[in-house]
Amino acid sequence: MDCKVVLVTADAQFGRRWVNELAQVAESDEGSPLGLVFNYCEPGQLLTEQLGDGATQVVALDDGALDADSLVECYRELRRLRAEIDCVLLTACKTPTEERIYECVISRAESNYGVVYRTLRRILLERIATPFADALKEYVYAARDSWHTPGHSSGDSLSSSPWVVDFYRFMGEHIFNTDLSVSVKMLDSLMDPISVIRQAQNLTAKTFGAKHSYFVTNGTSTSNKIVLQHLLRQGDRVVVDRNCHKSVHHAMIMSGAVPVYLESSVNQHYGVYGPVPKASIFRAIEENPSARLLVLTSCTYDGLRYDLKPIIEFAHQHGVYVLIDEAWYAHGRFHPELRPTALECGADFVTQSTHKMLSAFSQASMIHVGESVENFDAAGFREDINMHTSTSPQYGMIASLDVARKQMSIEGFNVMSRTLGFAEEIRSFVRESTAFRCLGVDDLCSEEVAQDGIRLDPTKVTIDVGCAGLSAPAAQYRLFNEFGIQVEKNTHNTLSFLVTIGTTESKLLRLKQALRKLSESAGDAAGADRGQSLPPLADIVALPRTAYYARGELLPLEREDMSALVGRISCDEIVPYPPGIPLLVPGQEITAEILAAIQSYVFEREDLEMHGVRHTGGRVALRVMTDSEAQPARRELQDI
């Protein structure tokens, strides 16, 4: 596990001496876990090659042998290719300029190379530290007796039971002895962090390029609610993509905010919602001068990414905060092919599901506060977090966030390079060896966003099996039952595969084998399932909060006669999953087109779930506002 330190200098003689002196010191440091290796290079292509080596962890820039322009160019190249690693200024100046952008400043004239070596080692040790995870291990290995919650008492209630000891053995002892209580003060408090959790969060902010970072243990669903609660009050207007996670819709209900919904672009052939056209976003902001917040999802479930910088700049020019839901994009910081991230584009708040693409446990999430947020109310934000945070958090989940951050900080470039290589290998195999098609950004996007600079996250691989006559639900069933492969999602004619840092060569081989066999049988397929249409969004005629908390009434969803429901106001969010995009949200007027889509999902698709529908008398029903509730609700929204 060598860690390379590269000096960038135009003075070859000084570079050789610096490297040789530090290498001699390193030889005597037998106990170091880092394996520091030293090298030097000149600016330009050689630096680019060094940064392409995942072992490179520290770059030192020699301002005594680089002119000002070269120094700036080297720094930009470093941050462009490897934002996560450390940059040191080796300076000949007594008062160097821009020193704050460097992790450390070392005098070029320093003759004690032991001091230089220990400084460089300290920088790296700080970056790979896992303060919370280390404290948790220390506590567990100390084997202290538990006289506090939880009741299983480090698993002793299970390990001594003949009835449930099998579960204890299946899960492993550390699942239980790391499941601790807020009574353990040395492990800090997620609700008021002052020691190891705070240290871990500070390291996270540095790694992801944020002003502040916060750990959340109930997923990005809760992270979104926290941010919206912090920013919104009753009646505030929010410009929001209809294609947002349902947690954003829930936050509208909780806050009493007024959503200004943006219609996403839609690819009807594949049943895929794409980004909102840039022109629609700009128009909505201009037409709602009192809007306080813009919420977008980037990347989407299918991997479509906005060109965020001009959008965020436009929002800020109009005094609008920006929240980017990056639930599916926590890995974006760690490879130049995937950048810029939302934070790098100036987003005020970013939420990430650290568990989706990185090595954290399920439900582990992060909130990042951007450098653009002025006069950030940290105390108020902490109260918003605490309103949603359990007083009994899962300590293993917190530790997994700490460790996931460390992994990406030290080997993010390497593991993402491998991941992107696997994704490209899948695409090449499908193209060359099957009857299927891997879909690119032009295939997934509709014409209305063709000029908006939309990009595709390569780790989301969408395969069109319908083009070969296969039904995607049937193909998904065969992959699972015949080949032991679980896909991320499917539409009527596509399968989506998530390539992560946990993808292996063996998994890749088995997927290729399965896809080849599916392709060989495609000629005998009965044909792809007919997909459901994705109807346009209807008008919001009542506050989501008012509609949701209405008593309402249940009206049956009939196969033939829809007249009783047309024109009524939905109290609930109706969401087919997949794709997980709401057909109705609370406060939305119900149209015949939306009802037709709901009917087709409910009565024709057995391969998905329908969230939000009710049942009465053995029939499917929708909860709608009564006529007496609807009239004042319409007036309430008009008066805001």
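Residues numbered from 1 in each chain as written. Predicted model: local features only at pLDDT ≥ 70, side-chain atom pairs only at ≥ 80, totals over all residues. Heavy atoms only, no water.

Visitor: Just checking my understanding: could you explain the overall build of the protein for this structure?
Guide: Secondary structure summary: the protein contains 22 helices and 25 strands in total. Taken over the C-alpha trace, the protein has a radius of gyration of 27 Å; the compact-globule value for 640 residues is 26 Å, and the two agree within 12%. Here the C-alpha coordinates of the protein stretch approximately 90 × 65 × 60 Å along the principal axes. For the protein, the residues scored as buried account for 57% of the 640 residues in total. Put simply, 73% of the contacts in the protein that link residues at least 6 apart link residues at least 24 apart. When the accessible surface of the protein is split by element, carbon and sulfur atoms take 48% of a total near 27600 Å². Charged side chains of the protein number 61 positive and 84 negative; the gap between the two group centres comes to 2 Å. (Helix = DSSP H or I, 4+ residues; strand = E, 2+ residues; numbered from the N terminus. Rg over C-alpha atoms; globule rule 2.2 N^0.38 Å. Buried < 20%, exposed > 50% of the residue type's maximum accessible area, 1.4 Å probe, protein only. Contact = heavy atoms within 4.5 Å. Areas by Shrake-Rupley, 256 points an atom, 1.4 Å probe, with all protein chains shown as cover. Lys, Arg positive; Asp, Glu negative; His and termini not counted. Charge placed at Lys NZ, Arg CZ, Asp CG, Glu CD.)

Visitor: What is the right way to read helix H5 (residues 131–141) from this model?
Guide: Every α-helix carries 3.6 residues per turn, so stepping three or four residues along brings you back to the same face. Residues of H5 that are buried include every one of Pro 131, Phe 132, Ala 133, Ala 135, Leu 136, Tyr 139 and Val 140, and no others. Check the buried side of H5 and you find it contacts helix H8 (173–177), helix H9 (196–208) and helix H16 (395–433). Looking one or two residues past H5, Ala 143 carries a phi angle of roughly 55°, positive in sign.

Visitor: Quick question: what am I supposed to make of helix H3 (residues 68–81) here?
Guide: The end-to-end C-alpha distance of H3 is 20 Å, a good match for the 20 Å that 14 residues give at a rise of 1.5 Å each. Here H3 has its buried residues at Leu 71, Cys 74, Tyr 75, Glu 77, Leu 78, Arg 79 and Leu 81. For H3, the secondary structure elements touched by its buried residues are strand E1 (3–8), helix H2 (45–51), strand E3 (56–62), strand E4 (86–91) and H16. A distance of 3.1 Å separates the backbone nitrogen of Asp 69 from a side-chain oxygen at the start of H3, and that oxygen is part of Asp 67. (Expected span 1.5 Å × (residues − 1). Polar contact = N/O pair within 3.5 Å; in protein donor to acceptor, adjacent residues only side chain to side chain.)

Visitor: Quick question: what am I supposed to make of the pairing of strand E25 (residues 619–624) here?
Guide: Regular strands show a simple pattern: their side chains alternate between the two faces of the sheet. With five of six residues buried, E25 is to be regarded as a mostly interior element. Both strand E24 (residues 614–616) and E25 contribute to a ladder of three bridges, which runs antiparallel. Across the sheet, residue Arg 614 finds its bridge partner in E25, namely Ala 621. Between the end of E24 and the start of E25, which pair antiparallel, lie two residues, with Gly 617 showing a positive phi angle near 60°. (Pairing = 2+ DSSP bridges.)

Visitor: Whenever I open this one, the sheet that holds strand E18 (residues 460–464) confuses me. Can you help?
Guide: Each strand in a sheet pairs with another by means of backbone hydrogen bonds, the pair being arranged parallel or else antiparallel. Pairing is antiparallel across the open sheet formed by four strands, whose spatial order is E16-E18-E20-E19. Of all the strands in the sheet, the pair left with one neighbour each is strand E16 (437–438) and strand E19 (489–490). Direction of pairing for E19 relative to strand E20 (residues 494–498): antiparallel, over a ladder of two bridges. When the bridges of E20 are listed, Lys 489 appears paired with Ser 496. Packing against the sheet, H16 makes contact with E16 and E18, and its axis sits at approximately 10° to E18. (Axes fitted to C-alpha atoms, helices over the stretch in contact; angles between N-to-C directions.)

Visitor: Help me understand the environment of Lys 460, please; the structure alone is not making it clear to me.
Guide: Looking at the element boundaries, Lys 460 is found in strand E18. Since its relative accessible area comes to 4%, Lys 460 is described here as buried. Along the primary structure Lys 460 and Glu 589 are separated by 129 residues, whereas in three dimensions their C-alpha atoms are 34 Å apart. In this view, Lys 460 contacts Cys 299, Tyr 301, Asp 302, Gly 303, Trp 328, His 331, Met 357, Arg 427, Phe 497 and Leu 498; residues no more than four positions away in its chain are not counted. Of the polar contacts made by the side chain of Lys 460, one reaches the side chain of Asp 457; its length is 2.6 Å.

Visitor: What's the story with the packing of helix H12 (residues 278–287) against helix H13 (residues 308–317) in this structure? I'm lost.
Guide: When two helices pack together, their arrangement is given by the angle between the helix axes and the distance between those axes. Remark: H12 packs on H13, axes separated minimally by 10 Å, with the N-to-C direction vectors making an angle of 5°. The orientation of H12 relative to H13 falls into the category roughly parallel. Contacts between H12 and H13 involve Lys 278, Ile 281, Phe 282, Ile 285 and Glu 286 on the former and, on the latter, Pro 310, Ile 311, Phe 314 and Ala 315. Its residues assigned to classes, the contact of H12 with H13 shows seven nonpolar, no polar and two charged. (Parallel < 35°, antiparallel > 145°, perpendicular 65-115°, else oblique. Nonpolar A, V, L, I, M, F, W, Y, C, P; charged D, E, K, R; others polar.)

Visitor: Could you clarify how one ought to interpret the pairing of strand E6 (residues 212–216) in this entry?
Guide: With respect to burial, E6 is a largely interior element, four of its five residues being buried. Direction of pairing for E6 relative to strand E15 (residues 365–369): antiparallel, over a ladder of five bridges. Each residue of the ladder has a partner; that of Val 216, found in E15, is Ser 365.

Visitor: Mind showing me how you'd approach unusual backbone geometry here?
Guide: Keep in mind that most residues, glycine aside, have a negative phi and that most peptide bonds are trans. In this model, Ser 298 is joined to Cys 299 through a cis peptide bond whose omega is 5°. Relative to the helices and strands, Cys 299 is located in the loop between strand E11 (293–297) and strand E12 (304–305). Between Arg 339 and the following residue, Pro 340, the backbone shows a cis peptide bond with an omega angle of 10°. Here Pro 340 shows up in the loop between strand E13 (321–325) and strand E14 (349–352). Of note in the backbone geometry, Ser 154 takes a positive phi value of approximately 60° without being a glycine. Take Ser 154: its relative accessible area is 24%, and that puts it in the partly exposed class.

Visitor: Any chance you could explain the sheet that holds E15 here in plain terms?
Guide: Spatial strand order, E6-E15-E14-E13-E11-E7-E8: seven strands in an open sheet with mixed pairing. Since the sheet does not close on itself, it has two edges, and those belong to E6 and strand E8 (258–262), each with one partner. Strand after strand, the sheet turns through a mean of 20° between neighbouring axes, direction not considered. This element, H9, spans E6, E14 and E15 of the sheet and lies at about 120° to E6. Against the sheet, H16 engages E6 and E15, with an angle of about 140° to E6.

Visitor: What am I meant to see in the side chain of Thr 626 here?
Guide: Tracing the backbone shows Thr 626 in the loop between E25 and helix H22 (627–639). Judged by relative accessible area, which is 19%, Thr 626 ranks as buried. At a separation of 3.2 Å, a polar atom in the side chain of Thr 626 contacts the side chain of Ser 628.

Visitor: Sorry if this is basic, but what is going on with the packing of aromatic side chains here?
Guide: Think of a pair of aromatic rings as described by two things: how far the centres are apart, and how the planes are tilted against each other in angle. What the rule picks out here adds up to 14 aromatic pairs. Aromatic side chains Phe 167 and Phe 176 sit 6.1 Å apart centroid to centroid with 75° between the ring planes, which places their arrangement in the edge-to-face category. By relative accessible area, which is 41% here, Phe 167 ends up partly exposed. The class of Phe 176 is buried, set by a relative accessible area of 7%. Between Tyr 301 and Trp 328 the ring centres are 4.7 Å apart and the planes differ by 25°, which places this aromatic pair in the stacked class. Here Tyr 301 is found in the loop between E11 and E12, whereas its partner Trp 328 is found in the loop between E13 and E14, with 27 residues between them in sequence. (Phe/Tyr/Trp six-rings, centres within 6.5 Å; stacked < 30°, edge-to-face > 60°.)

Visitor: Looking at this model, I keep getting lost on the pattern of salt bridges. Mind explaining?
Guide: Opposite charge on two side chains permits them to pair, given that their charged atoms come into close proximity. Going through the model one piece at a time under the given rule, you end up with 28 salt bridges. We note a salt bridge from Asp 402 to Arg 405, for which the minimum N-O separation is 3.8 Å. With Asp 402 and Arg 405 both in helix H16, this residue pair falls three residues apart, about one helical turn. Through salt bridges with shared partners, a single ionic network connects Asp 11, Asp 62 and Arg 108. (Salt bridge = Lys/Arg side-chain N within 4 Å of Asp/Glu carboxyl O.)

Visitor: In this structure, what is going on with the nonpolar core? I would like to understand it.
Guide: Nonpolar side chains tend toward joint burial in soluble globular proteins. Judged by nonpolar contacts, the single largest core of 38 residues is most densely connected at Phe 132, Leu 136, Leu 180, Leu 187, Phe 215, Leu 358 and Met 408. Of all elements in the fold, only H5, H9 and H16 reach the threshold of two or more residues within this core. Per element, the largest residue contribution to this core is ten residues, and it comes from H16. What Phe 132 contacts, discounting residues up to four positions off in sequence, is Leu 187, Val 196, Ile 197, Ala 200, Tyr 395, Ile 398, Ala 399 and Asp 402. Counting 27 residues, the second largest nonpolar core, distinct from the first, contains Val 227, Val 240, Ile 367 and Val 373. (Core = buried A, V, L, I, M, F, W, Y, C linked by side-chain atoms within 4.5 Å.)

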